[in-house]
Each structure stands twice: as C-alpha cells, then as structure tokens.
Amino acid sequence: MREYELVYILQADLDDATTDGIVENIETLIKNSNGEIDKVERWGKRKLAYPIRKMNEGYYVCVNFKFEPDQIANLKRSLGYNENVLRYIIVKKA
Amino acid sequence: MTDYKPNGNGSNRRYFSKPKYCQFCTDKNLVIDYKNTDLLMRFINETGKIRPRRQTGTCAKHQREIAQAIKNARHIALIPFTGDVWSDSNS
C-alpha cells in the first residue's frame, strides 16, 4: 500500500446532486480496489487557467488515499472513462 | 553577484539580481507543492515559462522539483501553459 493524491476536475455546470454522486462514485471506485481514503477535500468551483473542452470553470476535488501500486493503472482507466472528469492527476505522496 | 560577463556566443543575457542562496534550502518549512499556486507563480514569467535558475537562485535539486511541480500544476489547469490568460484569470 502506498500513499497517493488524486486531484480531478469535474464539469462546473452540473447540479449539486450529480456532482455529489460522481464524487461518491470515485470514492467507491477507490474502496472497491481495497483502497483506503484518508481525506477528501473539495476546492469547489475554480476558474481554469486555460479552457478545457471549451469550458472556463471546473469543480476541483482532491483525494488523499492509500492504494496498491499495481491497481493504479485500472483506476486511471476508470477515471478516463468518466465523461464528467475533465482532468485528473495522481501523484505519489513523499 | 556582480560577476556578470557576456558568454561569448553573442547572446546577451539580461542581468538579474538573483538571491544568493536557494530559498528552499534556507527555509526548510517551505514545501514545493504543485497545488500551491501562489508559490509557483513566482517561478514562471509573464509568458508562462519556467524561470531559469540564474534568475530564481534555487539550487539544482529544488529547481528540478519546482519544474516538475509547475508541469503538474499546468496539467490540472492551475497554471497556464501560456501567459495570455494570466492577468485576468487570477481568481
């Protein structure tokens, strides 16, 4: 198990219920692969530094979690399938 | 500090009064983090480029970390790739 940090950007024009749904969805995604979530931090709506998919705003969420290193590729794939996730980044915590 | 001399190949690098010591080596509490936009903004110029070591005065080790952090921050749109949107997008 290793500590990781995931930051992802959701579309800002979704209503609160769907946003919550996706955030929970991603949490269960991590838990289903035997991951442990330490902290979920919602930065909320922020202006993007440059437009992504012609959108100027994004909903930022930061997740600190523990995960098996060989499962990270699967997690990345499932994040990529999610249409509402504009961008994500997974970094190892030092 | 004033030992500037032209480097012979015709390029005239502008002189910057760079700090004498790496600020991350001096201040151990200062952590390089790709989420810390205010810190990283100091290490890019108006066009969004990463500022060179001769301007920022950071040591090689920390310059590498800074460069990686800036690249990560660019990817998640915290920092622009180009400086165009810089002035008006500062939250």
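Residues numbered from 1 in each chain as written. Chains lettered and ligands numbered in written order. Predicted model: local features only at pLDDT ≥ 70, side-chain atom pairs only at ≥ 80, totals over all residues.

**Student:** For the overall build of chain B, give the residues involved together with the corresponding values.
**Tutor:** Across its full length, chain B carries four helices and zero strands. Listing each helix as α and each strand as β along chain B from the N terminus yields α-α-α-α. Across the 91 residues of chain B, 18% fall into the buried class. A separation of at least 24 residues holds for 66% of the contacts in chain B among residues at least 6 apart in sequence. (Helix = DSSP H or I, 4+ residues; strand = E, 2+ residues; numbered from the N terminus. Buried ≥ 20, exposed ≤ 12 C-beta atoms within 10 Å, placed from the backbone. Contact = placed C-beta atoms within 7 Å.)

**Student:** Describe the interface of chain A and chain B, with residues and values.
**Tutor:** Taken together, the contact pairs 11 residues of chain A with 11 residues of chain B. Elements represented by at least two residues in the side of chain A that touches chain B include exactly β1 (2–11), β2 (36–52) and β4 (85–92) of chain A. Of all the elements, β2 of chain A adds the most residues to the side of chain A that touches chain B, at five residues. Considered class by class, the residues forming the side of chain A that touches chain B number eight nonpolar, one polar and two charged. (Nonpolar A, V, L, I, M, F, W, Y, C, P; charged D, E, K, R; others polar.)

**Student:** Run through the sheet that holds β1 of chain A, naming residues and quoting values.
**Tutor:** Residues and elements named next belong to chain A. Pairing in this open sheet of four strands is antiparallel, and the strands run β2-β3-β1-β4 from one edge to the other. Of all the strands in the sheet, just β2 and β4 have a single pairing partner and so form its edges. Direction aside, neighbouring strands of the sheet carry axes that sit 20 degrees apart on average. Summarising the sheet, β1 and strand β3 (residues 55–67) pair through 10 bridges and their orientation is antiparallel. Counterpart to L10 in the pairing with β3 is Y59. Packed on one face of the sheet, helix α2 (residues 72–81) meets β1, β3 and β4 and runs near 165 degrees to β4. (Pairing = 2+ DSSP bridges. Axes fitted to C-alpha atoms, helices over the stretch in contact; angles between N-to-C directions.)

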